[in-house]
Amino acid sequence: MKSFRVGSIKRLNGINPKNNMMDRDSIDYVQSIKDLKKEKNAVILCHYYQSPEVQELADYLGDSLYLAQCAAKVTQNTIVLAGVHFMAETAKIINPSKKVLIPDLNAGCSLADSCPPKEFKNFINQYPGSTVVSYINCAAEIKALSDLVCTSTNAKKVIESIPKNKSIIFAPDKNLGNYLIKETGREMILWEGSCMVHEAFSLEKIINLARKNPDAKFIAHPESVSSVLEIANFIGSTSGLLKFVQNDSSKKYIVATESGILHEMQKKCPNKIFIPAPIEDETCACSECAYMRLNTLQKIYNCLINESPQVNLDSKLIKKSKAPIEKMLALS
Ligand code: 13P
Ligand code: SF4
């Protein structure tokens, strides 16, 4: 595995022999993190949207569902969640006896932020008797107000598990919600939230790129807007997209989701070509989630050393938000 050594003077895991002090510029983060994991009995759960060097350090690498499933069964005392805050919260809710660390507390999510609990409570009160389904990309308080949680991998299954005579509220992602309405034929009351990464793709530029690459298939995550999903050859969660490119016979793909997934796609399919879908504003790296990419090797190292920042939740909130997550895990 590639070692990310920063700085010019090589010392043993960053210990400066002259003064026995840690010199952060010369720490071999990869080796130090591996050592710290053993010392602290920790495990790294990592989402596909992390930078390649962080993905390479993962004990478990996967989509939101897989990370939740792993959190339920890891045996180590400490979980480092290399992902965003709602993922760390979910790990804590599922397995509250574990110490859950997140390398950067600011690693939030625009989609989760688009659904504040107070407003959502008022919203659901307008539709009494409805079944409330929340996409896992939301705060623990939203999960606690829900009957069921889903991820993009199991959303269709979760919606189909609800009796046909029940009205459904789906939050927070309107794009995934609209996609599910088409897929399941169920009417749903949608909260108007969205992910800024998936909303940044440019339909026009994707069409132009596809014209220049007639041998490429266009694949997209269901958090993308409906006009983009309409032209996709395949729609799926991150793990769904990954499985698709492994089993499909094409050699080239234009991929509309956070570009971190391309690392694992390229590893699994070294002879195929993956092109990140173009975005509206070429001056930004918008197909990289700014929140996901806050996590770095240095921050993972620091959070293991300091055992902080930790994600802790009130026990009542854990109890309330656990029930809809457990229902989802049972359905998956
Ligand atoms: P999945 O991991 O379910 O594909 O969702 C992607 C995502 O947006 C995570 O933030
Ligand atoms: Fe949230 Fe979108 Fe980033 Fe996923 S990619 S963490 S949904 S902002």
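Small disclaimer: the values here were computed from a predicted structure and weren't measured. (Residues numbered from 1 in each chain as written. Chains lettered and ligands numbered in written order. Predicted model: local features only at pLDDT ≥ 70, side-chain atom pairs only at ≥ 80, totals over all residues. Heavy atoms only, no water.)

Trainee: Sorry if this is basic, but what is going on with the site of ligand 1 here?
Mentor: Near ligand 1 you find 14 residues, and of these H47, S64, S152, E223 and T238 are the closest. Contact between ligand 1 and S152: an oxygen atom at 2.6 Å from a side-chain N or O atom of the residue. In the model, an oxygen atom of ligand 1 is placed 2.7 Å from a nitrogen or oxygen of the T238 side chain. When ligand 1 is considered free in solution it has 300 Å² of accessible area, and contact with the protein chains removes 96% of it. Judged by the fraction of its atoms near the pocket grid, ligand 1 is located in the largest cavity. Among the residues making up the shell around ligand 1, the classes are represented as five nonpolar, seven polar and two charged. (Near = heavy atom within 4 Å. Polar contact = N/O pair within 3.5 Å; in protein donor to acceptor, adjacent residues only side chain to side chain. Areas by Shrake-Rupley, 256 points an atom, 1.4 Å probe, with all protein chains shown as cover. 1 Å grid on protein atoms, 1.4 Å probe; cavity = no way out; pocket = protein on both sides within 12 Å on 5 of 7 lines; lining within 4 Å. Sits in = over half its atoms within 2 Å of the grid points. Nonpolar A, V, L, I, M, F, W, Y, C, P; charged D, E, K, R; others polar.)

Trainee: Can you help me understand the packing of helix α12 (residues 238–247) against helix α13 (residues 261–268) in this one?
Mentor: Packed helix pairs are characterised by how far apart their axes lie and by the angle those axes make with each other. Axis separation between α12 and α13 bottoms out at 10 Å; the angle between their running directions is 25°. By the angle class used here, α12 and α13 are roughly parallel. As for how α12 packs across α13, the hand of that crossing is right-handed. Residues T238, L241, L242, V245 and Q246 of α12 touch α13, and the partners they reach there are I261, E264, M265 and K268. Taken together, the residues of the contact of α12 with α13 sort by class into five nonpolar, two polar and two charged. (Axes fitted to C-alpha atoms, helices over the stretch in contact; angles between N-to-C directions. Helix = DSSP H or I, 4+ residues; strand = E, 2+ residues; numbered from the N terminus. Parallel < 35°, antiparallel > 145°, perpendicular 65-115°, else oblique. Left-handed = near helix turned anticlockwise from the far one by under 90°. Contact = heavy atoms within 4.5 Å.)

Trainee: Could you clarify how one ought to interpret the sheet that holds strand β12 (residues 234–235) in this entry?
Mentor: Within a sheet, neighbouring strands are paired by backbone hydrogen bonds and run either parallel or antiparallel to one another. Spatial ordering of the open sheet is given by β12-β11-β13-β14, a layout of four strands whose pairing is parallel. Of all the strands in the sheet, just β12 and β14 (273–276) have a single pairing partner and so form its edges. Pairing geometry for strand β11 (residues 216–220) and β12, over two bridges, is parallel. Note that in β12 the partner of A220 across the bridge is I235. (Pairing = 2+ DSSP bridges.)

Trainee: Which parts of the structure should I look at to understand the confidence of the model for the protein chain?
Mentor: Detailed reading of predicted coordinates is not advised where the pLDDT is low. Confidence in the prediction of the protein chain, expressed as mean pLDDT, is 93, and 92% of residues score 70 or more. When the criterion is pLDDT under 50, residues 1–12 qualifies, and its contacts beyond four places in sequence or with other chains add up to 25 contacts. Low pLDDT, under 50, characterises residues 14–21; the predicted model gives this stretch eleven contacts beyond four residues in sequence or across chains. (pLDDT = per-residue confidence, 0-100.)

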